[in-house]
Amino acid sequence: MKQLAIISGKGGTGKTTLAGAFACLAKNKIMADCDVDAADLHLLLSPKILEEHDFFGMEKAFIKKDICISCGKCREICRFNAIGKTYIVDKISCEGCAFCAKICPEKAVEMKKNQAGKWFVSETKFGLLVHAKLGIAEENSGKLVSVVRGKAKELAQEKGVDLVIVDGPPGIGCPVMASLSEIDFAVVVTEPTFSGLHDAKRVISAARHFKVEVGLLVNKSDLNPEITGKMKSYAEESNISFLGEIPFDKDVINALIAGKNVVETGNSPAAGRIREIWKTVKDRIYDGDT
Amino acid sequence: MKIAVASGKGGTGKTTLSVNLALSLNRRCCLLDCDVEEPNAHIFLKPKFLREEKCNVLIPEIDFKKCVWCGKCAEVCAYNAIVIVPPSGKNEGTGFVFEHLCHSCGACEYFCPIISSKEASSATEINKEIKPRRLAKSISERGSNQCSGSAKAISEKKKEIGKIEFGRKGKVDLITGRLNVGEIRAVPLIEKVKKNISLNLDAIIDAPPGTSCPMVEAVKGADYVILVTEPTPFGLNDLVLAVEVLRKLSIPFGVVVNRYDYGDDRTLKYCARENIKVLAKIPFKRKFAEAYSKGIPLVEEFPECSRLFSDIFKRIESEMFS
Ligand code: SF4
Ligand code: SF4
Ligand code: SF4
Ligand code: SF4
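Here is what the cut-offs are and how they apply
- Residues numbered from 1 in each chain as written.
- Chains lettered and ligands numbered in written order.
- Predicted model: local features only at pLDDT ≥ 70, side-chain atom pairs only at ≥ 80, totals over all residues.
- Heavy atoms only, no water.
- Phe/Tyr/Trp six-rings, centres within 6.5 Å; stacked < 30°, edge-to-face > 60°.
- Buried < 20%, exposed > 50% of the residue type's maximum accessible area, 1.4 Å probe, protein only.
- Lys NZ or Arg CZ within 6 Å of the ring centre and 35° of its normal.
- Near = heavy atom within 4 Å.
- Nonpolar A, V, L, I, M, F, W, Y, C, P; charged D, E, K, R; others polar.
- Domains from an automatic or database assignment.
- Contact = heavy atoms within 4.5 Å.
- Buried area = accessible area lost by both parts, 1.4 Å probe.
- Salt bridge = Lys/Arg side-chain N within 4 Å of Asp/Glu carboxyl O.
- Polar contact = N/O pair within 3.5 Å; in protein donor to acceptor, adjacent residues only side chain to side chain.
- Helix = DSSP H or I, 4+ residues; strand = E, 2+ residues; numbered from the N terminus.

## Describing the packing of aromatic side chains
Two descriptors summarise a pair of aromatic rings, namely the distance from one centre to the other and the angle between the planes of the rings.
And then number 1: Within the structure shown, the criterion is met by nine aromatic pairs over all chains.
And then number 2: Judged by centre distance (6.4 Å) and plane angle (25°), the rings of B:Phe96 and B:Phe98 are stacked.
And then number 3: Judged by relative accessible area, which is 38%, B:Phe98 ranks as partly exposed.
And then number 4: Through a chain of ring-to-ring contacts, the aromatic side chains of A:Phe99, B:Tyr110 and B:Phe111 assemble into a single cluster.
And then number 5: The ring centre of B:Phe166 lies 3.8 Å from the NZ or CZ of B:Arg51, which sits over that ring.
And then number 6: Directly above the ring of B:Tyr260 sits B:Lys281, whose terminal nitrogen or CZ lies 5.4 Å from the centroid.

In structure tokens form, the structure reads like this:
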């Protein structure tokens, strides 16, 4: 079984659109939406939820009013400023370190389970999708990403599916790290902007840290041909496969508004390019396998 | 006034809006780049950087000469960031602190029972030092007193997680938080960047995208939040989540729809239904996207746009003071 990840240095580069298009083009696969903070892939796939599970994050402190003697100890030691003057814990600020619970002389602090999100297995028009929703203001620690990926892998093995497509979170933080382990090939999606190259380099170095093979792709490449050119030469110099360019194409948005994928709706320039790129990516994933 | 610019997802034009707003204010103001994973405001503003500061957090370190392998520190750590391996047979005891898991809560040092006899006299000092609220309050601030903490077998040391850069361009002071590559803790850095807000200057905060902790930390304490979105199904999905966060935090907010003519009307309908103020609709123009790709702020390339941004301010002010 192979695992393909679509990642980007910053959000809004077209990562999910591409993941959706690959999902449509790949024959036998399972999809995993690991952008759990802003999960959007399901919007392209019209999922029917088969399974729903709770995801528990760090526990949160809760002070039992009737036992608390207002000694102030917990408030003194809490580094996260989570305990107010009236000894009520602010659930958003509490990071669940349990220091207060251990220091309270009256044992008035209870650490309570905290449902930090949900994750789902869904049936979609292109196959099974594992996706999740992190609750608002929760810590995006990568644990939920690991749960989603673990389930996708398990399903793939169970059903004898040979490819998992991972829509990774943007950025370079902890969730991205969790998305990159055990990946066979990562497609880095970027835009030809001044900041795009810089952001792409950061995420590529993260991928290389995990010894993941990467390919670079420039979306909306004609907005700044000069920077697109620079990205191409950067890829060549650094021994990264340059997967191609996708031109700016209004059909991409039109398809999205119709709740579809650009490769489903016809033969726009972008769709054509994405099909070519998919062929290249497919060859790279199964490179060396016979 | 403190205005935060946020967005449920990246790439909607949050930074562009922040920079253009700061430039069209036409009075001294402060722009805080709190998108610390990928700070980009300086690319557009092109300020002169004047100085920088380090941002540290506290991470414990075990002194194996003092440690008696009781395992208390590992036991109290809620994040499993410490492993203690007691000596067995010929093998010496050892221990590890996994820095990426540590949240700098301070529990391990506090509960370590070992205080070396030589330094025992300073033990009361340590307790005093950990206790006062002012010192315990911020994870990033306490480091200056670290020496006296070393009386314990496990004690906290400063670790740099990022930098804060101070720059200026015309009337705009730029304060950028930049997380070091490989670091994952954005929240303490954002907290420290925001400490630089001065009360007598307007502040514009460029918040990190999304709706998890870093975004909440960045918008906390703002007088008003501008949510930037684009009228696509993705944009709307993420806008709804961001609205939920701000309602939970009870911060007043309005929406700016970027590339409004480049999608459908579901976003505007949603705002109308939810009684959310639309502060501005910015049209999609290829020349705007090209200026962006070159790192040029709209108001510099197209001075006629500046009204669009100063109007956003006027709307917010009239809403806040009416
Ligand atoms: S330490 Fe315990 S008793 Fe003291 S104020 Fe906190 S909760 Fe109340
Ligand atoms: S669990 Fe930790 S963060 Fe939460 S209130 Fe207690 S001391 Fe503060
Ligand atoms: S400071 Fe807190 S989180 Fe860090 S190692 Fe010690 S107990 Fe664990
Ligand atoms: S560092 Fe302190 S608490 Fe941890 S095992 Fe050693 S003696 Fe015990």
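## Brief notes about the site of ligand 4
And then number 1: The environment of ligand 4 is formed by 13 residues, the closest being B:Cys67, B:Cys70, B:Gly71, B:Cys73 and B:Cys112.
And then number 2: Looking at the shell around ligand 4 residue by residue, the classes come out as 11 nonpolar, one polar and one charged.

## What about the domain arrangement of chain A?
And then number 1: Each assigned domain of chain A is listed with its residue range as follows: domain 1 (2–55 + 117–286) and domain 2 (58–112).
And then number 2: Between the C-alpha centres of domain 1 of chain A and domain 2 of chain A there is a distance of 41 Å.

## Quick notes on the interface of chain B and chain A
And then number 1: Facing 61 residues of chain B, the contacting portion of chain A comprises 57 residues.
And then number 2: Buried surface at the junction of chain B and chain A, summed over both partners, amounts to about 5400 Å²; 59% is from carbon and sulfur atoms.
And then number 3: Linking chain B with chain A are three salt bridges.
And then number 4: Residue A:Arg202 pairs with B:Glu38 through a salt bridge whose shortest N-O separation is 3.8 Å.
And then number 5: In this assembly, chain B and chain A are joined by 16 residue pairs in polar contact (both at pLDDT 80 or more).
And then number 6: When contributions to the side of chain B that touches chain A are tallied by element, the ones reaching two or more residues are α4 (107–111), α6 (133–136), α9 (213–219), α10 (233–249) and α12 (286–293) of chain B.
And then number 7: In terms of residue count, the dominant contributor to the side of chain B that touches chain A is α10(B) (nine residues).
And then number 8: Grouping the constituent residues of the side of chain B that touches chain A by class yields 27 nonpolar, 16 polar and 18 charged.

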